[in-house]
Each structure stands twice: as structure tokens, then as C-alpha cells.
Amino acid sequence: MTILIEQAHDHFGNDVEEKKADINEKELVLDGGFVIPHSNSFGHSFRNYDVESERQEGVENFYRKNHTYQCYDFVKKMREEYGKLNRAEMSIWECCELLNEVVDESDPDLDEPQMEHLLQTAEAIRKDYPNQDWLHLTGLIHDLGKVLLLPSFGGLPQWAVVGDIFPVGCRFDESNVHYKYFKENPDYNNPAFNTKYGIYSENCGLNNVMMSWGHDDYMYLVAKENKTTLPSAALFIIRYHSFYAMHREGAYKHLMNDEDVENLKWLHIFNKYDLYSKSKVRIDVEKVKPYYLSLIEKYFPTAKLRW
Ligand SMILES: O[C@H]1[C@H](O)[C@@H](O)[C@H](O)[C@@H](O)[C@H]1O
Ligand SMILES: [Fe+2]
Ligand SMILES: [Fe+2]
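On a predicted model such as this, the values are computed, not experimentally measured, just so you know. (Residues numbered from 1 in each chain as written. Chains lettered and ligands numbered in written order. Predicted model: local features only at pLDDT ≥ 70, side-chain atom pairs only at ≥ 80, totals over all residues. Heavy atoms only, no water.)

In this model helix α4 (residues 114–128) runs 22 Å from its N-terminal to its C-terminal C-alpha over 15 residues, within 8% of the 21 Å that 1.5 Å per residue would give. The buried fraction of α4 is high, at twelve of 15 residues. Of the residues making up α4, those classed as buried are Gln114, Met115, Glu116, His117, Leu118, Leu119, Gln120, Thr121, Ala122, Glu123, Ala124 and Ile125. Buried residues belonging to α4 abut α3 (92–98), α5 (133–141), α9 (258–276) and α10 (285–299). (Helix = DSSP H or I, 4+ residues; strand = E, 2+ residues; numbered from the N terminus. Expected span 1.5 Å × (residues − 1). Buried < 20%, exposed > 50% of the residue type's maximum accessible area, 1.4 Å probe, protein only. Contact = heavy atoms within 4.5 Å.)

Tallying each qualifying case throughout the model produces two cavities of 30 Å³ or more. Roughly 200 Å³ of internal volume is contained in the largest cavity. Lining the largest cavity are 21 residues; nearest its centre among them are Asp104, Asp107, Asp164, Tyr244 and Lys278. Counting only elements with at least two residues in the lining of the largest cavity, the list comes to α4 and α9. (1 Å grid on protein atoms, 1.4 Å probe; cavity = no way out; pocket = protein on both sides within 12 Å on 5 of 7 lines; lining within 4 Å. Points joined across faces, edges and corners; volume = space filled by probe spheres on them.)

Let us look at the coordination of the iron ion (ligand 2). Protein coordination at the iron ion (ligand 2): the donors are Asp143 (OD), His215 (NE2) and His241 (NE2), at 2.0 to 2.2 Å from the metal. One chain supplies every donor to the iron ion (ligand 2), and in sequence these donors are spaced D-x71-H-x25-H. Between the iron ion (ligand 2) and the iron ion (ligand 3), the interatomic distance is 3.7 Å, and Asp143 donates to each metal, bridging them. Of this pair, Asp143 sits in the loop between α5 and β5 (167–168) while His215 sits in helix α6 (residues 215–225), and the two are 72 residues apart along the sequence. In this pair, the class of Asp143 matches that of His215, namely buried. (Donors = N, O, S within 2.8 Å, 3.2 Å for Na, K, Ca; no water.)

Glancing now at the packing of α4 against α10. Axes are the key here: two packed helices are described by the angle between their axes and the distance separating the axes. Closest axis-to-axis distance for the α4/α10 pair is 12 Å, and the angle between their directions is 65 degrees. In terms of orientation, α4 and α10 fall into the roughly perpendicular class. Both α4 and α10 take part in a crossing whose hand is left-handed. On α10, the residues that touch Met115, Leu119, Ala122, Glu123 and Arg126 of α4 are Val285, Val288, Tyr291 and Tyr292. (Axes fitted to C-alpha atoms, helices over the stretch in contact; angles between N-to-C directions. Parallel < 35°, antiparallel > 145°, perpendicular 65-115°, else oblique. Left-handed = near helix turned anticlockwise from the far one by under 90°.)

Its 19 residues give α9 an end-to-end C-alpha distance of 28 Å, which sits within 8% of 27 Å, the value for a rise of 1.5 Å per residue. Where α9 bends most, the angle comes to about 30 degrees, and this point is Leu264. Buried residues of α9: Asp260, Asn263, Leu264, Leu267, Phe270, Asn271, Lys272, Tyr273, Asp274, Leu275 and Tyr276, and no others. Tucked into the core, α9 has its buried residues touching α4, α5, α7 (232–240) and α8 (244–247). A side-chain oxygen of the first residue of α9 lies 3.2 Å from the backbone nitrogen of Glu259; this N-cap is Asn257. (Bend = angle between axes of the 7 residues up to and from the residue. Polar contact = N/O pair within 3.5 Å; in protein donor to acceptor, adjacent residues only side chain to side chain.)

For the rest of this paragraph, the subject is unusual backbone geometry. You will see that Asn203, though not glycine, has its phi angle at about 50 degrees, which is positive. Counting through the fold element by element, Asn203 comes out in the loop between β5 and β6 (210–211). Classification of Asn203 as partly exposed rests on a relative accessible area of 39%. With a phi close to 60 degrees, Lys227 is a non-glycine residue in the positive phi region. Looking at the element boundaries, Lys227 is found in the loop between α6 and α7. Judged by relative accessible area, which is 56%, Lys227 ranks as exposed.

This paragraph deals with the coordination of the iron ion (ligand 3). Of the protein atoms, only His117 (NE2), His142 (NE2), Asp143 (OD) and Asp274 (OD) coordinate the iron ion (ligand 3), at distances of 2.1 to 2.2 Å. Its four donor atoms give the iron ion (ligand 3) angles of 84 to 171 degrees at the centre, a pattern that matches the irregular case. Coordination of the iron ion (ligand 3) draws on donor residues from a single chain, spaced H-x24-H-D-x130-D in sequence. (Tetrahedral: all angles 85-135°; square planar, octahedral: opposite > 155°, others 65-115°.)

Another point: the packing of aromatic side chains. For the coordinates displayed, the defined rule picks out 21 aromatic pairs. With 4.8 Å between their ring centres and 85 degrees between their planes, Phe166 and Phe182 make a pair best called edge-to-face. Placement of the pair is Phe166 in the loop between α5 and β5 and Phe182 in the loop between β5 and β6, with a sequence separation of 16 residues. In this pair, the class of Phe166 matches that of Phe182, namely buried. Lying over the aromatic face of Tyr244, Arg47 brings its terminal NZ or CZ to 3.4 Å of the ring centre. Over the ring of Tyr291 we find Arg126, and its NZ or CZ is 3.9 Å from the ring centre. (Phe/Tyr/Trp six-rings, centres within 6.5 Å; stacked < 30°, edge-to-face > 60°. Lys NZ or Arg CZ within 6 Å of the ring centre and 35° of its normal.)

Let us look at the packing of α4 against α5. Here α4 crosses α5 at 165 degrees, and the two axes come no closer than 7 Å. As the angle between them shows, α4 and α5 are arranged roughly antiparallel. Like other packed secondary-structure pairs, α4 and α5 cross with a definite hand, here right-handed. Residues Leu118, Leu119, Thr121, Ala122, Ile125 and Arg126 of α4 form the contact with α5, whose participating residues are Leu135, His136, Gly139 and Leu140. Here the residues of the contact of α4 with α5 are counted per class, giving six nonpolar, three polar and one charged. (Nonpolar A, V, L, I, M, F, W, Y, C, P; charged D, E, K, R; others polar.)

This is the structure we're talking about:
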């Protein structure tokens, strides 16, 4: 059956033409490239943090803790500790397989194991950007930092690993989801940290800004320290893909430098696939595995990485 999906705007506010899609039962098979679905697997709009759904309460509880505990001192400690990369030696693919065990409690749109999400993201990108192989690999690895939830990585609580991220050391922007819970954060009333710039200066560059601790910054460290040859846009995507206040709401621009602005263009592209590929449609892992193994070999100098 072919149906017409009406889509007046995409989430960047751009006009999007009506697109044709072939629907067969559970699966959306597309005539052309990847089409943004209307709703998530639970029948709601994506990233709706207020709608009553089977995930809403858990997600809100998650952000209450995340915003309460992610303060400057905590982030500093975690960065130092995990920057040592002395927890494991393993290949990227082994890490992907570990994510079969991980479900993300912060996510209103997905309750599937994270391995599915990695492949869904990468494969959706591959459909639309067949020649950008670095972006396919970025899709595959962007959430690998979620292994921090596993006992051998310290078994960190969900609030210290997943969810949207935000700068610490300056005022929390109101566009962060569930902003109200920042009032419990020790930094909220600290005059050193609660002004527009806090400890930072105008256009200092995101590289100089401490972000709340989690899977983004950790995976960035892993990729960088293991000497990946992925381009700087890939590292930017990995590091800031959960910084929705910045890439979706346009907040914190005053901390960005020219390089950040340049890289943000790729993050916008990436986000479409990261967010809207979340679905119940399974990927055939064995079929796509050889392709991704070849990309890992191309962009990482050693088979075993330090984590
Ligand atoms: O709940 C999600 C999930 O944890 C994603 O991995 C992260 O990138 C998003 O920012 C977050 O909202
Ligand atoms: Fe993520
Ligand atoms: Fe993701």
C-alpha cells in the first residue's frame, strides 16, 4: 500500500515536501530516503516530556535525580576518574554487543536494548548519505558510552550516564527539559556558577566547557584517546549529541566558537537519524556486521581499545 505522509515542516523549521512511503504492516519501507515518522512507538510525538505515557513517570524521575546531582564537583571528579581509561580493553564491536543488556530510562521514545538503536541510527544515515561512511560509523558508536551502566564500568546510576546534557559552571538554561529540578542542584545558588558566563568567557568554545557527565563525554574521550581518525565533526557529534538545549533550542550560543558553529551543521543532520529512527523495526545484525567491522578497522588504528 502506498500512502502519502504530510509533513509541513521538519524539526529545524524547514519546509518539507509531501513524501511517498510504502507501508507494509509494521515496517516503513521508503521509496526514497529516510522519512521522519509522525509518532514514536508509543503513539506520541518525539521528545514529549509532558504527555502521559507509559514512560513519562520514569523519565521525569530520571531528570529529577539527574538535575539534582550533576553539579560542577561531580563532573570534575568523574572526568578525572574515567579519563584514565583503565576499566577494560575491548573492540568496538564487543562493546556494541554489551549494549544488548542496556535499556535507557531517560528516553521517552525507546525501550528497546541500545544495540538496536545504534544499528537503526547508522542504517538510517546510510540510506540517505551512502558516501559519508564516517557518519555511519559515528551512528554506530555514538551511544557506546552507555556501558558506564554496567557493573564492570562502575555500574553508574542512570542519572550519571544518559539523558540530555548541559554545561555546569554557568547558569542552567531554561530550555533544558524539566528545568525545574535544577533548583535542587548545589550549583543553582552558587554565585560563582549561576551567572550567564559563570566560570567561562564569551565564545570560549565548547571544548573549554564542562558538560554534565555521561555517555557523550565518555565516548568522546574513548575515541580521542584511542586515536581515532574520524573527522572532528564526528567527535563533535559524539560529544554533544545529547546537548539538545544547544542543538535544538539554540541556547548557549554565547559559549560557542566558529569551529563549534561549523560542526553543528553535521550534528543537526545526525540528530534527525538519532532521534527519529527509534522504532520497533529490528535490523538484521549478521547482515550488516561485516560492513561496520570494515569501518571500525578503517577509522581506529587498533582492534582493542582502552575503555
Ligand atoms: O534520553 C536520551 C538518550 O539518553 C540519548 O542517548 C541521549 O543522547 C539523549 O539526549 C537523551 O535525551
Ligand atoms: Fe545518546
Ligand atoms: Fe542515540
